[in-house]
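# A look at the structure
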Amino acid sequence: MGREFIDMFDEWAETYDDTVTGQDPQYKEVFDKYNEILQTVADAAEGYTLEFGVGTGNLSEKLLAKGLDVTGIEPSKEMREHASRKFPQLKLVDGDFLSFPDPGHEIDTIVSTWAFHHLTDEEKEQAVSAYVKLLSDGGKIIFADTVFSSAEGRSRLIQEEKDKGYDRLVRDLTTEYYTTMEVLRNIFQTQGFHVTFKQMNRFVYLITAEKA
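## Thoughts on the packing of helix α7 (residues 151-163) against helix α8 (residues 167-175)
The description of two helices packed together rests on the angle between their axes and the distance between the axes. The geometry of α7 relative to α8 is characterised by a closest axis approach of 9 Å and an angle of 160° between their N-to-C directions. Taken as axis vectors, α7 and α8 run roughly antiparallel relative to one another. Seen from above, α7 lies across α8 with left-handed handedness. Where α7 abuts α8, its residues I158, E161 and K162 lie against L169, V170, L173 and T174. Among the residues forming the contact of α7 with α8, the class breakdown is 4 nonpolar, 1 polar and 2 charged.

What follows is the structure, encoded as structure tokens:
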């Protein structure tokens, strides 16, 4: 359910913003065009919006600036506290992609950035199946996350990072649940979504799934 990573995010909360702004060389390319990617996700969101994996609230800030009704869902206590200090107006609850409070009404947009890979492929499918019931007709899921173009692309990318000596990034890429475009396409299409992928940097794709 992704909660096996909570301790890591509790520890990362105070330095997360440094990492995403490129101050960690191993993750510089993972977070390349960070603000542009966040803004692209925010620009596509509309109406009642659920954000999963709020972190320190950087996407939330852009969603709120757009005037959207946003509920943020974040399992890490330290991350929630950090985001609440930055954006006290944000509605923020304890939860994760699979377990979260009932919003009490239909949702128009579900968003997340750099977080969906914390679910196994089976859990990803469970999550998308649940979101179909939450979304209004024509509702959208807009995720930005590291995705491999193919199994071969996975092997090639990981080897390139090994050759650079980026041991922490390699450990991340090989122990968390990063998946391929083919797997995600099948998950969304099976649940009745029209899904498209747009590459945003060397690692990250914008995933837009519209409810049919």
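Having seen the model, we can carry on.
## Description of helix α5 (residues 77-86)
Listed in full, the buried residues belonging to α5 are M79, R80, H82 and A83. For α5, the buried positions fall inside an angular range of 165° around the axis, keeping them on one side.

## Observations regarding the side chain of S112
Relative to the assigned elements, S112 resides in strand β4 (residues 107-113). A residue is classified by how much of its surface remains accessible, and S112, at 1% relative accessible area, is buried. Within the structure, S112 has its side chain in polar contact with the backbone oxygen of F52 (distance 2.9 Å).

## Details of the packing of helix α6 (residues 121-134) against helix α9 (residues 181-190)
Viewed as axis vectors pointing N to C, α6 and α9 meet at an angle of 30°, and their least axial separation amounts to 9 Å. What the angle tells us is that α6 and α9 run roughly parallel. As α6 runs across α9, the sense of the crossing is right-handed. Residue-level contacts link D121, K124, E125 and V128 of α6 to V183, L184, I187, F188 and T190 of α9. For the contact of α6 with α9, the class distribution of residues is 5 nonpolar, 1 polar and 3 charged.

## Re the pairing of strand β1 (residues 48-52)
β1 sits mainly inside the fold: 4 of its 5 residues count as buried. Here β1 pairs with strand β2 (residues 69-73) via 5 bridges, running parallel. In the strand pairing of β2, L50 is matched with T71. The β-α-β motif built from β1, the intervening helix α4 (residues 58-65) and the parallel element β2 has right-handed crossover chirality. Taken together, the 4 bridges between β1 and β4 define a ladder with parallel strand orientation. The partner of L50 across the bridge, within β4, is I110.

The rules behind each value
- Residues numbered from 1 in each chain as written.
- Predicted model: local features only at pLDDT ≥ 70, side-chain atom pairs only at ≥ 80, totals over all residues.
- Heavy atoms only, no water.
- Axes fitted to C-alpha atoms, helices over the stretch in contact; angles between N-to-C directions.
- Helix = DSSP H or I, 4+ residues; strand = E, 2+ residues; numbered from the N terminus.
- Parallel < 35°, antiparallel > 145°, perpendicular 65-115°, else oblique.
- Left-handed = near helix turned anticlockwise from the far one by under 90°.
- Contact = heavy atoms within 4.5 Å.
- Nonpolar A, V, L, I, M, F, W, Y, C, P; charged D, E, K, R; others polar.
- Buried < 20%, exposed > 50% of the residue type's maximum accessible area, 1.4 Å probe, protein only.
- Arc of directions from axis to C-beta.
- Polar contact = N/O pair within 3.5 Å; in protein donor to acceptor, adjacent residues only side chain to side chain.
- Pairing = 2+ DSSP bridges.
- Right-handed = clockwise from strand over helix to strand, strands pointing away.

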